[in-house]
Amino acid sequence: MADVEAKRKWSFGIDDLNGTLVQNFFAELLGTMFLIIFCVGSANSVALLSLGANSPAYYLTISMAFGLGIGGIVHILSSTSGGNVNPAVSLALFLDGRISLLVALAYIVAQFAGGFAGAGILYGLGNFGDNEIPPMGQNIIIIPEHIDVVHAFFLEVFGTMFLILTILATIDESRGHAPSYLQPLAVGLAILVMHIFLIPFTNCAINPVRGTVWNVVTGTADEETLIFLFAPFVGSLVAVPLNLVFFTKH
């Protein structure tokens, strides 16, 4: 364990500027594109909307779509980039010394590029420009009479913390488990639970890309959208030292 920890340190990562980074860049781009098309797309399913946008069945179905969908995406990308598909995750992995600054920045650029590409494809395929049914799935404060921007910000911070702590636990070498189906399963379950919890409040972002690109493409972005851009990064900044102090074997 000591040898593993010794290899983990912050670096700029000039040595990472190679073909592997290019491959991983496009893996993150495509993975995040799939996330927006399929997961956010599920929130725009006419069949699911028939359940009622405020019904528990709708919340649970969308939560399952995000949890299982992102778990599958992580599994697809596991042998290349590892399946970050979330800038808050890439930030956490950099802070934990698992990827370099260059790799983290490349992944974040790829994630936003893939997110906007996915949002554009979803908007076009859904024919929302000529469709009487408005697009759904934007991150907003669902019941502004009950919570304000501060509540929403901290709900997203805590939701992201839970996700990051789950990820750091699944890749903790000291626990003795090799990379396997556990990682995508654990990540997917954490995302499912957070969606069940957060959809009634914020529609659950816990991902700066998911929280912004669909709002922008559908023309619904406003000052509230900044909550979903910055809160997940704050969650990462808190979760990494919290994991190191309280949840890592010393």
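In what follows, the accompanying structure is described.

About the criteria used
Residues numbered from 1 in each chain as written. Predicted model: local features only at pLDDT ≥ 70, side-chain atom pairs only at ≥ 80, totals over all residues. Heavy atoms only, no water. Helix = DSSP H or I, 4+ residues; strand = E, 2+ residues; numbered from the N terminus. Buried < 20%, exposed > 50% of the residue type's maximum accessible area, 1.4 Å probe, protein only. Areas by Shrake-Rupley, 256 points an atom, 1.4 Å probe, with all protein chains shown as cover. Salt bridge = Lys/Arg side-chain N within 4 Å of Asp/Glu carboxyl O. Contact = heavy atoms within 4.5 Å. Phe/Tyr/Trp six-rings, centres within 6.5 Å; stacked < 30°, edge-to-face > 60°. Expected span 1.5 Å × (residues − 1). Polar contact = N/O pair within 3.5 Å; in protein donor to acceptor, adjacent residues only side chain to side chain.

## Some thoughts on the overall build of the chain
Per the secondary structure count, the chain includes 10 helices and 0 strands. Its helices and strands taken in sequence order, the chain reads α-α-α-α-α-α-α-α-α-α from the N to the C terminus. Once the C-alpha set of the chain is aligned to its principal axes, its extents read approximately 60 × 40 × 35 Å. Counting every position in the chain, which comprises 250 residues, the buried fraction comes to 49%. Accessible area of the chain: about 11900 Å², with a carbon and sulfur share of 71%.

## What about the pattern of salt bridges?
Here the structure, examined in full by the defined rule, presents 2 salt bridges. As a salt-bridge pair, E173 and R98 come within 3.0 Å of each other at their nearest N and O atoms. You can see E173 sitting in the loop between α7 (149-170) and α8 (182-202) and its partner R98 sitting in the loop between α5 (87-95) and α6 (101-125), a full 75 residues away along the chain. With a relative accessible area of 25%, R98 lands in the partly exposed category.

## Overview of the environment of L163
Note that L163 resides in helix α7. A C-alpha to C-alpha distance of 5.9 Å links L163 and A190, two positions 27 residues apart in sequence. Look past the residues within four positions of L163 in its chain and what remains in contact with it is N86, V187, A190, I191 and I206.

## Notes on the packing of aromatic side chains
Given two aromatic rings, one states the distance between the centres and the angle between the planes to describe the pair. The full count for this structure, using the stated rule, is 6 aromatic pairs. Look at Y123 and W214: their rings are 6.4 Å apart centre to centre, the planes differ by 65°, and that puts the pair in the edge-to-face class. Here W214 lies in helix α9 (residues 213-217) and Y123 lies in helix α6, a separation of 91 residues in the sequence. The interplanar angle of 80° and the centroid separation of 5.6 Å between the aromatic rings of F153 and F154 together place this pair among those described as edge-to-face. In this structure F153 comes out as partly exposed when scored by relative accessible area, which is 22%.

## Examining helix α2 (residues 19-42)
Compared with the 34 Å implied by 1.5 Å per residue over 24 residues, the 34 Å span of α2 between its first and last C-alpha is a close match. Between a side-chain oxygen at the N-terminus of α2 and the backbone nitrogen of T20 the separation is 3.1 Å; the capping residue is N18.

## Focus on the environment of Y107
Counting through the fold element by element, Y107 comes out in helix α6. In this structure Y107 comes out as buried when scored by relative accessible area, which is 4%. It is 19 Å that separates the C-alpha atoms of Y107 and G72, two residues lying 35 residues apart in sequence. If near-sequence neighbours (up to four positions away) are discounted, Y107 is found in contact with L21, N24, E28, S81, N84, S90 and I99.

## Some thoughts on helix α4 (residues 56-77)
Its 22 residues place the ends of α4 31 Å apart at the C-alpha level, agreeing with the 32 Å of an ideal helix rising 1.5 Å per residue. Turning to α4, its buried residues are Y58, Y59, I62, S63, F66, G67, I70, G71, I73, V74 and L77.

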